[in-house]
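A structural walkthrough
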Number of protein chains: 2
Amino acid sequence: MRIETVAANHGVDVHWRPFLLGPIFQSFGWETSPFLLQKHKGNYVWSDMQRQCIKYNLDWQKPSDFPRAAVLATRVALTYRDAPWIGHYCRSIMRRNFVLDQDIGDTAIVKQVLTQLNLDPPQIEATALSDEHKPALRAQTQLAAELGIFGAPTFFVGEEMFWGNDRLDDAIQYAARSSK
Amino acid sequence: MRIETVAANHGVDVHWRPFLLGPIFQSFGWETSPFLLQKHKGNYVWSDMQRQCIKYNLDWQKPSDFPRAAVLATRVALTYRDAPWIGHYCRSIMRRNFVLDQDIGDTAIVKQVLTQLNLDPPQIEATALSDEHKPALRAQTQLAAELGIFGAPTFFVGEEMFWGNDRLDDAIQYAARSSK
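Quick caveat: nothing in here was measured; it's all calculated off a predicted structure. (Residues numbered from 1 in each chain as written. Chains lettered and ligands numbered in written order. Predicted model: local features only at pLDDT ≥ 70, side-chain atom pairs only at ≥ 80, totals over all residues. Heavy atoms only, no water.)

Digging into the pairing of strand β2 (residues 160–163) of chain A
Residues and elements named next belong to chain A. Stated precisely, the cut-off is as follows: Strands were regarded as paired on the criterion that DSSP finds at least two bridges between them. Under the scheme used here, helices are H or I runs from DSSP no shorter than 4 residues and strands are E runs no shorter than 2 residues, and both carry numbers assigned from the N terminus.
Two strands pair when backbone bridges link them, and strand β1 (residues 154–157) and β2 are joined in this way by four bridges, in the antiparallel orientation. Bridge assignment links F155 to a residue of β2, and that residue is F162. Taking the residues between adjacent antiparallel strands as the criterion, β1 and β2 are bridged by two residues, where G158 takes a positive phi near 60°.

Given below as structure tokens:
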């Protein structure tokens, strides 16, 4: 929700590189989110998330279903990762899940988001699912695994890795310093 | 390293409640630190810790042995949790481990720290290992588990839990607001 604003304030460019976290968790032997596998930590993370959203003045409600698979939503994001609307799209998808408690795995929800962005949902869905673009998500997820990514969001500034909202500001400052 | 300074700046009192993390990890089915069990995350955490120490202007080097058991050091901390020197003692023990790469499980190291604080190491060791005080560490660790603690440092402000250095400032601000 914050990255494009914070980056712009520091003159830093953002390149979105969407991937699936589920296969990475599976490679660790986890069938689902560690929030569910580690009960105590999971309980804490939910209350922490609520507090953080209050701190950042973001709407939030706990999704009634978690984690939600969002393969089409992520395929669209990856296919259009460099489109001018990518940030707005990602925030809209996250809002559907974490504010409106909607199933972002549902094609209809993804299409609603695209419609609200004044885009052409059938054309975008067809492109994201085309033979040309569909395999990219598997490759991008494999690349994420090879980079040592174990959670999301993760930010790279060159080869320097920063994990999570808690490190966003450090990452942006590192990028701003590196480009000087 | 930071808590007493940050707390004092906000007029917040700190009550130290040392416990052992190892038995809590074992209760999750983990034989050792998750930093070792999750290779990717572990690698990241070490480089992140180094960056954070630079940010906070703290000396740091990666211990050659991790995690180090520190049962006597923790028994001393718990027995003397409300002593005026507890903060200084905890920081000194942490420095021995994370700056000087010394084995804080070694009684001699604990005694060196106490000596540097102008205390009486044999008397303190005897008190911490006495029938009166020794069982307290097991009970305190059990209490930590019952409170839902899954890592360290963890801060409580009343019943509100905050985990990790990343949430220290939130915890202190919450405490400062709560006491108004």
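Considerations on the interface of chain A and chain B
Keep this limit in mind: In this description, contact between two residues means that some pair of their heavy atoms is separated by no more than 4.5 Å. A simple way to read buried area is as the amount of 1.4 Å-probe accessible surface that goes missing from two parts once joined, with both sides added. Salt bridges are identified by distance alone: a Lys or Arg side-chain nitrogen within 4 Å of an Asp or Glu carboxyl oxygen. Under the rule applied, a polar contact is a pair of N or O atoms within 3.5 Å (in protein, one hydrogen donor and one hydrogen acceptor; residues adjacent in sequence only if both atoms are side-chain atoms). Amino acid classes used here: Ala, Val, Leu, Ile, Met, Phe, Trp, Tyr, Cys and Pro are nonpolar; Asp, Glu, Lys and Arg are charged; the rest, including Gly, are polar.
Contacts between the two partners involve 20 residues from chain A and, on the opposite side, 20 residues from chain B. Of the roughly 2000 Å² buried between chain A and chain B on both sides combined, carbon and sulfur atoms contribute 49%. The salt bridge partner of R167 of chain B is D48 of chain A, with a shortest N-O separation of 2.7 Å. Inspection of the region where chain A meets chain B yields 14 residue pairs in polar contact (both at pLDDT 80 or more). In terms of residue count, the dominant contributor to the side of chain A that touches chain B is helix α4 (residues 39–55) of chain A (seven residues). Grouping the constituent residues of the side of chain A that touches chain B by class yields eight nonpolar, four polar and eight charged.

With respect to the relation of the copies chain A and chain B
Under the convention used in this document: The superposition of copies rests on a least-squares fit of C-alpha positions from residues with pLDDT of 70 or more in both.
Superposing chain A onto chain B takes a rotation of 180° plus a shift of 0.0 Å along the axis, which leaves an RMSD of 0.0 Å. This pairing of chains is accounted for by a two-fold axis. If distances are taken from each C-alpha of chain A to the rotation axis, the shortest is found for D166 of chain A, at 3.6 Å. Mapped onto chain B, 100% of the interface residues of chain A are again interface residues, and the two copies thus contact each other with one and the same surface.

Some remarks on the packing of aromatic side chains
As a reminder, the rule being used: What counts as a ring pair is set by centres within 6.5 Å for rings of Phe, Tyr and Trp (its six-membered ring), and what kind of pair is set by the plane angle: stacked under 30 degrees, edge-to-face over 60, tilted for all other angles. Ring-over charges, as used throughout, are those where CZ of Arg or NZ of Lys falls within 6 Å of the ring centre and within 35 degrees of the ring normal.
Overall, the coordinates contain 24 aromatic pairs over all chains when judged by the stated rule. Ring geometry for W46 of chain A versus F66 of chain A: centroids 4.8 Å apart, planes at 80°, classification edge-to-face. Taken together, the positions of W46 of chain A in helix α4 and F66 of chain A in the loop between α4 and α5 (71–79) put the pair 20 residues apart, joining distant regions of the chain. Put simply, the rings of F35, W46, W60 and F66 of chain A pair up and form one aromatic cluster. The ring of F162 of chain B carries the charged tip of R51 of chain A above its face, separated from the ring centre by 3.9 Å.

Some points on unusual backbone geometry
This is how it is decided: Burial classification: accessible surface area is computed with a 1.4 Å probe over protein chains only, and a residue below 20% of its type maximum counts as buried, one above 50% as exposed, and the rest as partly exposed.
In this structure, P153 of chain A follows A152 of chain A across a cis peptide bond, with omega equal to 0°. Tracing the backbone shows P153 of chain A in the loop between α9 (136–146) and β1. At the junction of F66 of chain B and P67 of chain B, the peptide bond is cis and its omega measures out at -10° in the coordinates. Inspection of the secondary structure puts P67 of chain B in the loop between α4 (39–55) and α5 (71–79). Positive phi is not limited to glycine here, since N118 of chain A has a value of about 60°. With respect to the element layout, N118 of chain A can be found in the loop between α7 (107–116) and α8 (121–128). Relative accessible area serves as the criterion here: at 73%, N118 of chain A is assigned to the exposed category.

Some remarks on the state of the cysteines
Residue and element names in this part refer to chain A. Threshold: Throughout, a disulfide means two cysteine sulfur atoms within 2.5 Å of one another.
In total, this model carries zero disulfides over all chains according to the counting rule given. C53 forms no disulfide, and the closest cysteine sulfur to it belongs to C90, at a distance of 17 Å. Classification of C90 as buried rests on a relative accessible area of 15%.

Notes on a nonpolar patch on the surface
Residue and element names in this part refer to chain A. Which entries qualify depends on this criterion: Patches draw on residues past 30% relative accessible area with no salt bridge. Two like charges within 9 Å are joined, as are two nonpolar side chains (Val, Leu, Ile, Met, Phe, Trp, Tyr) within 5 Å. For the accessible areas, the method is Shrake-Rupley and the probe is 1.4 Å, while residue cover comes only from the protein chains on display.
Together, L143, L147 and F156 line one region of the surface with nonpolar side chains, adding up to about 230 Å² of accessible area. Its place among the elements puts L143 in helix α9. Using a relative accessible area of 38% as the deciding quantity, one classes L143 as partly exposed.

Section: the side chain of R75 of chain A
Residues and elements named next belong to chain A. Filter applied, for reference: Residues scored as charged are limited to Lys and Arg (positive) and Asp and Glu (negative), so that His and the chain ends carry no count.
Tracing the backbone shows R75 in helix α5. Buried and without a salt bridge, R75 has E125 as its closest oppositely charged side chain, separated by 9.5 Å. With residues up to four places along the chain from it excluded, the contact list for R75 reads A128, L129, K134 and L137.

Thoughts on the pattern of salt bridges
Throughout the structure, instances matching the rule amount to 22 salt bridges over all chains. Among the salt bridges present, the one from R51 of chain A reaches D48 of chain A, with a minimum N-O distance of 3.5 Å. Taken together, the residues span about one helical turn, with R51 of chain A and D48 of chain A both in helix α4 at a distance of three residues. No difference in accessibility class separates R51 of chain A from D48 of chain A, as the two residues are buried. The network of salt bridges with common partners includes D48, R51 and D166 of chain A together with E160 and R167 of chain B.

Keep in mind these values describe shape, not function.
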